[in-house]
Amino acid sequence: MNFSDAIELAVTCIGILSRTTPRAFLGTVIGAFTLAGVCWWVCTNYSRLWNTRYHITVFHHVLCGVAAMATLVFTLTYVALRHTRDLAAITVNSWQRGIQADQAFKSGTFAKAYYAVKGLNLENFADYPPPPTGRRIPLSHEPSRTLYAKTYADEACRDFQRKHSFLSRLIWPETQVPKSAVESDLRRYFERNPGGTYMDTQAIDLAVRLIRGALEPQTQRVVGLSRTAAIFLFLFFQAIPFTVIGYAAYKDLKQQV
């Protein structure tokens, strides 16, 4: 899982929160600063519960500062993650525009589809030169059309995973499009377009529709998992200064005794 994707998700959600609900964003910032200040005060003073004469060092203050900053960031993130679905929709739309214009993706996928269909031994490839010179694939048989469409749809799913690994694991962890979905899409297309040609863009759009369709039922899961991760990271950053200071205060108390 790409950690930079998780950071990008959190930052983008905070940006969406600030633009769409500025008052709620301001209230969240004030609350986050307040909570960060409380965490700082507790962190710097809690050791006096059992060692009233202990004074924390500059290093400990730095640790408390880091923990306070983490509190600020994770509080903002926790609230902003309610916009995860909006972010996911924006990401999928942007990815769709990019992949439809990505000639390198289309060239590479065409080569895979060409040799995959040729491997079925159902089509006559006499007038269809191989890539990179060839630009067409004979698709006179249904299995050929299905394999052609599935190759493009599967590669689109993999492209989404490569470019948005964190988000793809949350909303669409599959590396392939179900064959039944491809067959249904082909059937609907030819019912509407008798004698038409099922283009690569149709297969890519099928993958996009499946990924986008997974957003709605996965929204609560995505938000829940993201917030759980934020809470875990918050507790982890808090545990570091509390543990270090608590141990130092305990050692100091033993030396006094």
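Residues numbered from 1 in each chain as written. Predicted model: local features only at pLDDT ≥ 70, side-chain atom pairs only at ≥ 80, totals over all residues. Heavy atoms only, no water.

Undergrad: How should I be thinking about the overall build of the protein chain in this particular structure?
TA: When helices and strands are tallied, the protein chain shows ten helices and zero strands. Going from the N terminus to the C terminus, the protein chain shows its helices and strands as α-α-α-α-α-α-α-α-α-α. Relative to the globule expectation of 18 Å for 257 residues, the C-alpha radius of gyration of the protein chain, 27 Å, shows a markedly less compact shape. On the principal axes, the C-alpha backbone points of the protein chain span a range of 90 × 40 × 30 Å. Going through the 257 residues of the protein chain one by one, you find that 41% of them count as buried. When the accessible surface of the protein chain is split by element, carbon and sulfur atoms take 62% of a total near 14,300 Å². Looking at the protein chain, you have 28 positive and 18 negative side-chain charges, and the mean spots of the two groups are 9 Å apart. (Helix = DSSP H or I, 4+ residues; strand = E, 2+ residues; numbered from the N terminus. Rg over C-alpha atoms; globule rule 2.2 N^0.38 Å. Buried < 20%, exposed > 50% of the residue type's maximum accessible area, 1.4 Å probe, protein only. Areas by Shrake-Rupley, 256 points an atom, 1.4 Å probe, with all protein chains shown as cover. Lys, Arg positive; Asp, Glu negative; His and termini not counted. Charge placed at Lys NZ, Arg CZ, Asp CG, Glu CD.)

Undergrad: Just checking my understanding: could you explain the side chain of Glu 123 for this structure?
TA: Looking at the element boundaries, Glu 123 is found in the loop between helix 5 (103-118) and helix 6 (142-163). Buried charged residue Glu 123 carries no salt bridge. Nearest counter-charge: Arg 145, at 6.5 Å. Polar contacts involving the side chain of Glu 123 include one to the side chain of Ser 140, which spans 2.5 Å. Reaching out from Glu 123, the side chain makes a polar contact with the backbone nitrogen of His 141 at a distance of 3.0 Å. Residues contacting Glu 123, with those up to four places away along its chain left out, are Val 117, Pro 138, Leu 139, Ser 140, His 141 and Ser 144. (Salt bridge = Lys/Arg side-chain N within 4 Å of Asp/Glu carboxyl O. Polar contact = N/O pair within 3.5 Å; in protein donor to acceptor, adjacent residues only side chain to side chain. Contact = heavy atoms within 4.5 Å.)

Undergrad: Sorry, what's going on with the environment of Phe 242 here?
TA: Topologically, Phe 242 is positioned in helix 10 (residues 215-256). Note: C-alpha distance between Phe 242 and Pro 130 (112 residues apart in sequence) is 65 Å. Residues within four places of Phe 242 in sequence aside, it is in contact with Val 42, Cys 43 and Tyr 46.

Undergrad: Is there a simple way to think about the packing of aromatic side chains in this case?
TA: One pair of aromatic rings is described through two measures. These are the centre distance and the angle between the planes. If you walk through the whole model with that rule in mind, you get eleven aromatic pairs. Judged by centre distance (5.0 Å) and plane angle (80 degrees), the ring pair of Tyr 114 and Phe 125 falls under edge-to-face. You can see Tyr 114 sitting in helix 5 and its partner Phe 125 sitting in the loop between helix 5 and helix 6, a full eleven residues away along the chain. Taking relative accessible area as the criterion, Tyr 114 reaches 1% and is therefore assigned buried. Both rings, one in Phe 236 and one in Phe 237, keep their centres 5.7 Å apart while their planes meet at 85 degrees; by these two values the pair is edge-to-face. (Phe/Tyr/Trp six-rings, centres within 6.5 Å; stacked < 30°, edge-to-face > 60°.)

Undergrad: Can you walk me through the packing of helix 6 against helix 8 (residues 179-192) in this structure?
TA: To describe two helices that pack against each other, one gives the angle between their axes and the distance between the axes. Relative orientation of the contacting elements helix 6 and helix 8 amounts to 115 degrees, with a least axis distance of 10 Å. With respect to their mutual orientation, helix 6 and helix 8 come out roughly perpendicular. Crossing angle aside, the handedness with which helix 6 passes helix 8 is right-handed. The segment helix 6 lies against helix 8, with Arg 145, Thr 146, Ala 149 and Lys 150 engaging Lys 179, Val 182, Glu 183, Leu 186 and Phe 190. (Axes fitted to C-alpha atoms, helices over the stretch in contact; angles between N-to-C directions. Parallel < 35°, antiparallel > 145°, perpendicular 65-115°, else oblique. Left-handed = near helix turned anticlockwise from the far one by under 90°.)

Undergrad: How do you make sense of the nonpolar core when you look at a structure like this?
TA: Nonpolar side chains in soluble globular proteins generally cluster together in the buried interior. Core analysis: the largest hydrophobic core is formed by 49 residues, its most contacted members being Trp 95, Ile 137, Ile 171 and Val 177. Here this core takes seven residues from helix 6, the largest share from any one element. If we skip the residues at most four places from it in the chain, Trp 95 touches Ala 156, Asp 159, Phe 160, Lys 163, His 164, Val 208 and Ile 211. (Core = buried A, V, L, I, M, F, W, Y, C linked by side-chain atoms within 4.5 Å.)

Undergrad: I'm lost on a nonpolar patch on the surface in this one. Help?
TA: Residues Phe 59, Phe 232, Phe 236, Ile 240 and Val 244 make up a contiguous nonpolar surface patch of roughly 490 Å² in combined accessible area. Among the elements that take part in the nonpolar patch, helix 10 stands out by supplying four residues, more than any other. Mapped onto the fold, Phe 232 is located in helix 10. (Patch = residues over 30% accessible without salt bridge, like charges linked within 9 Å, V, L, I, M, F, W, Y side chains within 5 Å.)

Undergrad: For this particular structure, what's the right way to read unusual backbone geometry?
TA: Phi is mostly negative for residues that are not glycine, and the peptide bonds are mostly trans. Backbone torsion omega between Pro 131 and Pro 132 reads 10 degrees, so that peptide bond is classified as cis. Phi at Asn 121 takes a positive value of approximately 60 degrees, unusual for a residue other than glycine. Note on placement: Asn 121 falls in the loop between helix 5 and helix 6.

What is shown is where atoms sit, not what they do.
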